[in-house]
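Listed below are the residues making up each chain.
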Amino acid sequence: MITSAEDELEKTAFLPLDRLFAPGGIGTVKQGKVVAVEADAPTKAVILEDGGRLAYDALVLATGSVWPEQLQFPDDPLRVSDHLAHWRGKIASAKSITLVGGGPVGIELAGEITEFYPEKKVTILHRGDMLLNSTYPDKFRKAFEPRLKARGVEIIFGDCFDQMPEGMYTSVKTRKGKEIETDLVLPTFGGKPNTSFLSPSLLTSGGHVKVRPTLQTTAYDDIFAAGDIIDWNERKQAAKHLRHAPVVAQNVQAVLDGSEPSAVYKGTFESIIITIGKSGGIGYVDILWGIVLGDWVVRLFSRDFMIPRARSLYNY
Ligand SMILES: Cc1cc2nc3c(=O)[nH]c(=O)nc-3n(C[C@H](O)[C@H](O)[C@H](O)COP(=O)(O)OP(=O)(O)OC[C@H]3O[C@@H](n4cnc5c(N)ncnc54)[C@H](O)[C@@H]3O)c2cc1C
């Protein structure tokens, strides 16, 4: 989406939450930014940026990740088109783009840039000696390199920048002293848990929310967490959260009923689909012997990125 306006994904991929609950149902959506949680107050509440207080009997934290600037869409929907125009403009005007990090985001971005701008030089700078990380088997990790190279992408392994370059530049030096000619460097690594507004008592040193298998926080029976922010050894993906949600829903109901939460999250198998431009990509499902999926399966996903399905879940 940040590479080109061609498919106008922004027209369908962003959804308001106003139809989340059925008309006449008991749910309401209140929009606001939570800046603190008063978990020990006589009336427990979340505190909003505008000074409002929202009392709760059970609270679910699901505030997601903080991403590098170009992937961090503004909270204000009115600023999204400016954000997209800014980054699309930067990519369009750059001659040579360096992507820092050879994970799924870096690979997909390299695929998109070479799709829309085949004349641009794209380099991936990756700390490891193989793309992706050790969550995935070597046969899957190695499959991306020839596909990207065939699109003209240069991949530099085992190196990094000590500091992200700032301002205007035409070349940058890596830690190992390699000079890369580039006029745009984009970090693509390291989504961080978006939990800075929470008490440290809820968090690990890395900022994830400490949870029990019931997805209750370790600190409070009536505060739950789900999604990217939980301290659980799994790749952070929307696909995982479909498994968190039923556990949280059942256990929230138990807390409200005054009974013992009994649903437990046991983790799930890893799976991923990584597109390489519009024509395909490679996927992996960690079941049986570990199944690598080819272009046609990836195309089933990438032809609409499952946006229509997501829209229907939000009653759109
Ligand atoms: C480029 C990219 C590609 C990806 N591709 C895939 C993919 O193909 N498949 C996949 O499964 N996953 C993918 N992911 C990961 C996926 O997007 C995340 O795992 C998922 O969105 C996390 O869901 P979440 O509900 O935890 O958080 P989010 O989806 O980030 O939702 C968090 C919500 O909380 C709100 N919020 C945050 N802070 C506050 C606050 N203080 N007060 C009130 N509201 C707040 C935010 O505005 C947001 O609406 C991708 C991520 C990126 C960056």
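Residues numbered from 1 in each chain as written. Predicted model: local features only at pLDDT ≥ 70, side-chain atom pairs only at ≥ 80, totals over all residues. Heavy atoms only, no water.

(A) Highlighting the overall build of the protein. Across its full length, the protein carries 8 helices and 16 strands. At 21 Å, the protein has a C-alpha radius of gyration in line with the 20 Å of a compact globule built from 316 residues. Overall size of the protein, expressed as C-alpha extent along the three principal axes, is 60 × 45 × 40 Å. Across the protein, the fraction of contacts at a sequence separation of at least 24, relative to all contacts at a separation of at least 6, is 56%. Accessible area of the protein: about 17,500 Å², with a carbon and sulfur share of 54%. If you average the places of the 36 positive and of the 39 negative side-chain charges in the protein, the two averages end up 4 Å apart. (Helix = DSSP H or I, 4+ residues; strand = E, 2+ residues; numbered from the N terminus. Rg over C-alpha atoms; globule rule 2.2 N^0.38 Å. Contact = heavy atoms within 4.5 Å. Areas by Shrake-Rupley, 256 points an atom, 1.4 Å probe, with all protein chains shown as cover. Lys, Arg positive; Asp, Glu negative; His and termini not counted. Charge placed at Lys NZ, Arg CZ, Asp CG, Glu CD.)

(B) Looking closely at unusual backbone geometry. Positive phi outside glycine occurs at L288, with the angle close to 50°. One can find L288 in the loop between β15 (281-285) and β16 (291-293). By relative accessible area, L288 is classed as exposed at 70%. A positive phi angle, near 60°, is found at N315, a position not held by glycine. Position of N315 among the secondary structure elements: in the segment after α8 (307-313). (Buried < 20%, exposed > 50% of the residue type's maximum accessible area, 1.4 Å probe, protein only.)

(C) Broad picture of the pattern of salt bridges. Per the counting criterion, the structure on display carries 13 salt bridges. Of the charged contacts in the structure, one is a salt bridge between D221 and R212, with a shortest N-O distance of 2.7 Å. Judged by its relative accessible area of 25%, R212 falls in the partly exposed class. Beyond isolated ion pairs, a larger network of salt bridges with shared partners links E6, D7 and K278. (Salt bridge = Lys/Arg side-chain N within 4 Å of Asp/Glu carboxyl O.)

(D) Focus on the pairing of strand β2 (residues 45-48). Covered by surrounding structure in β2 are A45 and I47 together with V46 and L48, the residues of both alternating faces. Where strand β1 (residues 34-38) meets β2, 4 bridges bridge the pair, whose relative direction is antiparallel. Opposite A36, over in β2, you have I47 as the bridge partner. Hairpin geometry of β1 and β2 is characterised by an intervening segment of 6 residues between the two adjacent antiparallel strands. Between β2 and the antiparallel strand that follows it, strand β3 (residues 53-55), lie 4 residues; G51 among them carries a positive phi value of about 95°. (Pairing = 2+ DSSP bridges.)

(E) Broad picture of the nonpolar core. Grouped together as the largest cluster of nonpolar side chains are 30 residues, with contacts concentrated most on L99, F140, F144 and L148. The residues contacting L148, other than those within four sequence positions of it, are I107, A110, I124, L131, V153, I155 and I276. If you look at the next biggest cluster of nonpolar residues, it comprises 24 residues, including V211, F224, A226 and I229. (Core = buried A, V, L, I, M, F, W, Y, C linked by side-chain atoms within 4.5 Å.)

(F) Local environment of the side chain of K240. Structurally, the position occupied by K240 is in helix α6 (residues 238-257). Judged by its relative accessible area of 1%, K240 falls in the buried class. Reaching out from K240, the side chain makes a polar contact with the side chain of Q237 at a distance of 2.7 Å. Those residues in contact with K240 that sit more than four places away from it in its chain are E234, R235, Y265, T268, F269 and E270. (Polar contact = N/O pair within 3.5 Å; in protein donor to acceptor, adjacent residues only side chain to side chain.)

(G) Region of interest: the site of the ligand. Lining the immediate environment of the ligand, one finds 19 residues, of which V34, N194, D228, A238 and A239 sit closest. A distance of 3.0 Å separates a nitrogen atom of the ligand from a polar side-chain atom of N194. Here an oxygen atom of the ligand and a side-chain polar atom of D228 are 2.7 Å apart. Contact with the protein chains hides 60% of the accessible area of the ligand, taken as 1,000 Å² for the molecule alone. Ranked by residue count, the leading element in the shell around the ligand is α6, at 3 residues. Domain assignment of the residues forming the shell around the ligand places at least three in each of domain 1 (32-67 + 192-257) and domain 2 (69-190 + 269-313). (Near = heavy atom within 4 Å. Domains from an automatic or database assignment.)

(H) Main features of the packing of aromatic side chains. Inspection of every chain in the model, using the stated rule, returns 7 aromatic pairs. Members of the aromatic cluster, connected to one another through ring pairs, are Y136, F140, F144 and Y284. (Phe/Tyr/Trp six-rings, centres within 6.5 Å; stacked < 30°, edge-to-face > 60°.)

(I) Looking closely at the domain arrangement of the protein. Under the domain assignment used here, the protein contains domain 1 (32-67 + 192-257) and domain 2 (69-190 + 269-313). The distance between the C-alpha centroids of domain 1 and domain 2 comes to 30 Å. Facing the 9 residues of domain 1 at the interface are 12 residues of domain 2. Counting the surface lost from both domain 1 and domain 2, the interface buries some 940 Å², and carbon and sulfur atoms represent 43% of this. (Buried area = accessible area lost by both parts, 1.4 Å probe.)

(J) Quick look at the sheet that holds β2. The strand order across the open sheet formed by 3 strands is β1-β2-β3, and the pairing between neighbours is antiparallel. Of all strands in the sheet, those with a lone pairing partner are β1 and β3, marking the two edges. In this sheet, neighbouring strand axes are inclined to one another by 20° on average, regardless of whether the strands run parallel or antiparallel. (Axes fitted to C-alpha atoms, helices over the stretch in contact; angles between N-to-C directions.)

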